[in-house]
Amino acid sequence: MIQLVKTVEEVREIVSQWRKQGLKVGLVPTMGYLHEGHQSLIKRSGENDKTVVSVFVNPIQFGPNEDFASYPRDIERDIKKCEEAGADLVFAPEASEMYAGDFSTYVDMTGPTDELCGLRRPGHFRGVCTVVSKLFNIVLPDRAYFGQKDAQQLAVIRRMARDLSFGIEIVGCPIIREEDGLAKSSRNTYLSSDERSAATIISKALSMGEKLIENGEINAETVLKAITEKIESEPLARIDYVKAVDADSIEPIQTISGRVLFAAAVYIGKTRLIDNFIVERN
Ligand code: PAF
């Protein structure tokens, strides 16, 4: 039977019992409103003996004009989804449990956070790195699982885990898509039915870019231009960015060589959606 806990002390107590028994622990950090993407991370964490899922809409990773207040929340539904996928423990703290009134210590990063969402959402990765560090310190997992849909976040967490010597294996898991290609996201629930149809332009444009590369295109600008034009053909879409960067350092690239991340952030109406693909060419 899955357990729900709300305090740091309770998680520590339960996980330390597991550790005494020599069990391996996986952590799946989430902001809740779980979908098959999150469930795929939980299932992958089945390679551990126990899986903890954190459900916490982290206030400090949202900008002042972003959707913190309206972000979908339903803990009962999340518990069911966690149980279905095989999790053992849900940690769903209140904000006051994570952030004392005079909280003033942050984990900041330069480099991989400078481009893409880091550039467009100032302070976002500072919030992500801070909360993920706290979750790592609270749960002390052997492995932690993150989706490839947030490709920059995955690169940032890998860098942070290495730089701060967390000793936790960071496992990236593939993007899970709807049948029509739209990447699964809790924010898809914001879309009206017209917007939901329009949103498919993002994955369509990216697939087209991927095909150009498969057919031999090596100039990143050419591919970015084709992706941009395709997205712009959809009247409900407004591009925030379409960029090609090194998949690990997140530095901009011109020629497609090594592991290259093509990433897009696009507003469909008021909803900002992200998607990407990675190509490897040597
Ligand atoms: O990817 C998310 O849902 C969040 O950024 C994370 C990693 C749970 C941190 O709040």
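Small disclaimer: the values here were computed from a predicted structure and weren't measured. (Residues numbered from 1 in each chain as written. Predicted model: local features only at pLDDT ≥ 70, side-chain atom pairs only at ≥ 80, totals over all residues. Heavy atoms only, no water.)

The subject of this paragraph is the overall build of the protein chain. For the protein chain, the count of helices and strands is 10 helices and 9 strands. Rg of the C-alpha trace for the protein chain: 19 Å, near the compact-globule value of 19 Å for 282 residues, within the 12% margin. Counting across all 282 residues of the protein chain, residues that qualify as buried make up 53%. Once local pairs closer than 6 in sequence are excluded, the contacts in the protein chain between residues at least 24 apart make up 71%. Working note: accessible area of the protein chain is about 13,400 Å², and carbon and sulfur atoms make up 47% of it. (Helix = DSSP H or I, 4+ residues; strand = E, 2+ residues; numbered from the N terminus. Rg over C-alpha atoms; globule rule 2.2 N^0.38 Å. Buried < 20%, exposed > 50% of the residue type's maximum accessible area, 1.4 Å probe, protein only. Contact = heavy atoms within 4.5 Å. Areas by Shrake-Rupley, 256 points an atom, 1.4 Å probe, with all protein chains shown as cover.)

A few words on the packing of helix 2 (residues 36-44) against helix 3 (residues 75-85). Between helix 2 and helix 3, the shortest axis-to-axis distance is 9 Å and the interhelical angle comes to 40°. Taken together, the axes of helix 2 and helix 3 lie oblique to each other. Every pair of crossing elements has a handedness; the one defined by helix 2 and helix 3 is right-handed. Of helix 3, the residues touching helix 2 (which contributes Gln39, Ile42 and Lys43) are Lys81, Cys82, Glu84 and Ala85. (Axes fitted to C-alpha atoms, helices over the stretch in contact; angles between N-to-C directions. Parallel < 35°, antiparallel > 145°, perpendicular 65-115°, else oblique. Left-handed = near helix turned anticlockwise from the far one by under 90°.)

Glancing now at the site of the ligand. The full set of residues close to the ligand is Pro29, Thr30, Met31, Asn58, Gln61, Val128, Val131, Phe146 and Gln153. One nitrogen or oxygen atom from the side chain of Gln61 is found 2.6 Å from an oxygen atom belonging to the ligand. If the ligand stood free it would expose 280 Å²; the protein chains cover 88% of that surface. For the shell around the ligand, the secondary-structure elements that each account for two or more residues are strand 2 (25-30) and helix 6 (124-139). Along the lines of polarity and charge, the residues of the shell around the ligand split into 5 nonpolar, 4 polar and no charged. (Near = heavy atom within 4 Å. Polar contact = N/O pair within 3.5 Å; in protein donor to acceptor, adjacent residues only side chain to side chain. Nonpolar A, V, L, I, M, F, W, Y, C, P; charged D, E, K, R; others polar.)

Attention now moves to the environment of Arg272. The topology assignment puts Arg272 in strand 9 (residues 271-281). Taking relative accessible area as the criterion, Arg272 reaches 16% and is therefore assigned buried. Each C-alpha atom, one on Arg272 and one on Arg187, is 8.0 Å from the other, the two residues being 85 residues apart in sequence.

The subject of this paragraph is the sheet that holds strand 7 (residues 237-246). Sheet architecture is open: 3 strands sit in the order 7-8-9, paired in antiparallel fashion. Looking at strand neighbours, the two that pair on one side only are strand 7 and strand 9, the edges of this open sheet. With direction set aside, neighbouring strand axes in the sheet form an average angle of 15°. In this structure, strand 8 (residues 258-268) lies alongside strand 9, joined through 11 bridges in antiparallel fashion. Bridge pairing links Arg259 to Glu280 in strand 9. Strand contacts of helix 10 (residues 220-232): strand 7, strand 8 and strand 9, with the helix running at about 160° to strand 7, the strand carrying the most contacts. (Pairing = 2+ DSSP bridges.)

Right, let's talk about the pairing of strand 8 for a bit. With 8 of its 11 residues buried, strand 8 lies for the most part within the structure. The pairing of strand 7 with strand 8 spans 9 bridges and is antiparallel. Along strand 8, the bridge assignment pairs Asp246 with Val260. Between the end of strand 8 and the start of strand 9, which pair antiparallel, lie 2 residues, with Gly269 showing a positive phi angle near 60°.

Applying the stated criterion across every chain, the model contains 18 salt bridges. Notably, a salt bridge pairs Asp142 with Lys24, separated by 4.0 Å at the nearest N-O pair. Taken together, the residues span a long stretch of sequence, with Asp142 in the loop between helix 6 and strand 5 (143-147) and Lys24 in the loop between helix 1 (8-20) and strand 2 at a distance of 118 residues. Looking at Lys24, the relative accessible area reads 43%, which means it is partly exposed. Here Asp240 and Arg120 are joined by a salt bridge, their closest N and O atoms 2.7 Å apart. Placement of Asp240 in strand 7 and of Arg120 in helix 5 (residues 116-120) is noted, with a sequence separation of 120 residues between them. Taken together, the salt bridges that share partners define one network made up of Arg19, Lys24 and Asp142. (Salt bridge = Lys/Arg side-chain N within 4 Å of Asp/Glu carboxyl O.)

Turning our eyes to something else, we now look at the packing of aromatic side chains. Tallied over the entire structure, the rule returns 7 aromatic pairs. Between the aromatic rings of Phe62 and Tyr71, the centroid separation amounts to 5.9 Å while the plane-to-plane angle is 75°, which identifies the pairing as edge-to-face. Tyr71 sits in the buried class, given a relative accessible area of 7%. Taken together, a centroid distance of 4.8 Å and an interplanar angle of 80° make the contact between Tyr99 and Phe103 edge-to-face. The buried category is assigned to Tyr99, whose relative accessible area is 10%. Judged by its relative accessible area of 24%, Phe103 falls in the partly exposed class. Note that Arg126 overlies the ring of Tyr106, its terminal NZ or CZ placed 3.8 Å from the centroid. We note Arg238 situated over the ring of Tyr267; from NZ or CZ to the ring centre the distance is 4.4 Å. (Phe/Tyr/Trp six-rings, centres within 6.5 Å; stacked < 30°, edge-to-face > 60°. Lys NZ or Arg CZ within 6 Å of the ring centre and 35° of its normal.)

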